[in-house]
Amino acid sequence: MKVKLSYLWIPFFITILSSVSIAGLGSKTFENYDQLNTTLISHLSGGACEAVALIGDTILMGSGNSLMALFVNADSTVQIINSTPVQGQVRDLIVNDDYVYVLSEGTESEGWYSVVSLIDLSSIATDFTVIGSIKFQGIVEDYAYFNNHICLFCSDFAEFNIVNIENPALPYIAKVLTMDFMQENQWPWGPVQFDFKDSLLYYVGVDIAVMSVSDQLEFEIIGRCGDIIEPPTGMVIDDSYMYLSQIPGFSIYDISAPESISLVAQVENVNSFDYRSLSVENDNLYLLSEMLICIYDISNPQIPELIADYQPDDALTDIAVYDNRMYITQYSKGLLILDHEAQTTINPIYNFQSFGFLKDLFVTYNKL
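What counts, and at which threshold
- Residues numbered from 1 in each chain as written.
- Predicted model: local features only at pLDDT ≥ 70, side-chain atom pairs only at ≥ 80, totals over all residues.
- Heavy atoms only, no water.
- Salt bridge = Lys/Arg side-chain N within 4 Å of Asp/Glu carboxyl O.
- Helix = DSSP H or I, 4+ residues; strand = E, 2+ residues; numbered from the N terminus.
- Buried < 20%, exposed > 50% of the residue type's maximum accessible area, 1.4 Å probe, protein only.
- Pairing = 2+ DSSP bridges.
- Core = buried A, V, L, I, M, F, W, Y, C linked by side-chain atoms within 4.5 Å.
- Contact = heavy atoms within 4.5 Å.
- Axes fitted to C-alpha atoms, helices over the stretch in contact; angles between N-to-C directions.
- Polar contact = N/O pair within 3.5 Å; in protein donor to acceptor, adjacent residues only side chain to side chain.

A. Expanded view of the pattern of salt bridges. All chains considered together, the criterion is met by eight salt bridges. In this structure, E218 and K175 form a salt bridge, with 3.3 Å as the shortest nitrogen-oxygen distance. Taken together, the positions of E218 in the loop between β17 (208-213) and β18 (219-225) and K175 in strand β14 (residues 172-177) put the pair 43 residues apart, joining distant regions of the chain. Classification of E218 by relative accessible area gives partly exposed; the value is 47%. Between D339 and R325 there is a salt bridge, and its shortest N-O distance comes to 3.8 Å. In this pair, D339 sits in strand β29 (residues 334-339) while R325 sits in strand β28 (residues 325-330), placing the two residues 14 residues apart along the sequence. When its relative accessible area of 9% is taken as the criterion, D339 is described as buried.

Below, the structure is given as structure tokens:
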């Protein structure tokens, strides 16, 4: 999810006193100014949900300034496994091996800031905490993982930053490519989306550049394509194709020959909503706009065919897909699970309501 939404963010601490189960949340003891001992039993954060990712039957979801780990039961109900706070509002997630890299953002006296936090997933039910983070002034427009590094583009300063994460507890900026460097080397400009495949970087702005990446993190453009009509809002790369969501529709590119990639299909949006993110599974392309999910059959990439759509009652922000099920974050109503086994119909299965914004408190049995 790369499009910024305005939100009211109120972080809070709350003990769950309901049938929702929480496993493995470590207790922390602190003292207030009156020296009254208080134990934090559990932590959840209220606020907008803007990011979702899957690890098998486990869902990772950003909720306000928290990353929540959820388990999907056989009956499609959802159970909270754990939760950990990060600095700022969670906007995007990358899962790689045993780690999740959380992109969050917020404001302070100096203006907007972005933070990339590293969280170990190997002990997700117990020690689920941020082990390292790195902060940037301004907005991170897109980021990707490559060979023990996180690469990110800061749009405020038009800088391409490369962060070394070989030691996840101590990430550091290994290299910064400035706007002058990128202009001199003819990198695309404008709204940016990028990702890596093998040792190649696919970098999309007003056009597409394919770059070879050396072990020393040197970049050399080996191919270009200028058929970008509208700025990209999301991208997915598989073995032979690159899929771009754009404000008025989507595009599909053949990347089987990286030196000469070519546009094979461009589809305009048939409704008034702007596409924000996308996902690809098997022969289906899932496109998410703020108020609509569309599924296209891309078994023939040159002729995508719309096979189903669904309009919810809340703004959609991000999507992950696995085994004919869509896991979608909604801005104020949490996680929505949809099924499309019938291919032409989309059926709501479950809606996990996020905890929203703090509105009231009560005390019972010495718990707040």
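B. Local environment of the pairing of strand β4 (residues 58-63). Counted residue by residue, β4 has six buried out of six residues, so it is predominantly covered. Two elements, strand β3 (residues 51-55) and β4, share five bridges in a ladder whose sense is antiparallel. Counted as the bridge partner of V52 is M61 from β4. Once β3 ends, the chain turns through two residues before running back antiparallel as β4, passing G56 with a positive phi of about 65 degrees.

C. Highlighting the nonpolar core. Core analysis: the biggest nonpolar cluster contains 20 residues, and F160, W187, F194, F196, L201, Y203 and F219 have the highest contact counts within it. Elements represented by at least two residues in this core include exactly β12 (149-154), β13 (159-164), β15 (193-197), β16 (200-204) and β17. Setting aside residues up to four positions removed in sequence, F196 forms contacts with A144, Y145, F146, C151, L201, V213 and F219. Residues A51, V90, V102 and I124 belong to the second largest nonpolar core, which totals 15 residues.

D. Looking closely at the sheet that holds strand β20 (residues 241-246). Strand order in this open sheet of four strands is β19-β20-β21-β22, and the pairing throughout is antiparallel. With one partner strand each, in any of the chains shown, β19 (232-237) and β22 (262-268) form the two edges of the open sheet. Going from strand to strand, the sheet's axes swing by 15 degrees on average, the running direction of each strand aside. Pairing between β20 and strand β21 (residues 249-254): six bridges, direction antiparallel. Across the sheet, Y243 pairs through a bridge with I252, a residue of β21.

E. A look at the sheet that holds strand β25 (residues 292-297). Strand order in the open sheet formed by four strands is β23-β24-β25-β26, and the pairing between neighbours is antiparallel. In this open sheet, the two edge strands, each paired with only one partner strand, are β23 (275-281) and β26 (305-310). Neighbour-to-neighbour, the strand axes of this sheet turn through a mean angle of 20 degrees, independent of strand direction.

F. Looking closely at the pairing of β13. Of all the six residues making up β13, five are buried; the element is thus mostly covered by neighbouring parts of the structure. Here β12 pairs with β13 via six bridges, running antiparallel. Residue pairing across strands places I150 opposite V163, the latter belonging to β13. Hairpin geometry of β12 and β13 is characterised by an intervening segment of four residues between the two adjacent antiparallel strands and by a positive phi of about 50 degrees at A158. Where β13 lies against β14, five bridges are found, and the strand directions are antiparallel. Bridge pairing in β14 places N161 opposite V176.

G. Seen up close, unusual backbone geometry. One non-glycine residue with positive phi stands out, namely N148, at about 65 degrees. One can find N148 in the loop between β11 (140-145) and β12. Owing to a relative accessible area of 33%, N148 belongs among the partly exposed residues under this scheme.

H. Inspection of the side chain of T317 at higher detail. By the secondary structure assignment, T317 is in strand β27 (residues 316-322). Assessed through its relative accessible area of 0%, T317 is described here as buried. For T317, the side chain forms a polar contact with the main-chain oxygen of C49, separated by 2.8 Å. At a separation of 2.7 Å, a polar atom in the side chain of T317 contacts the side chain of T329.

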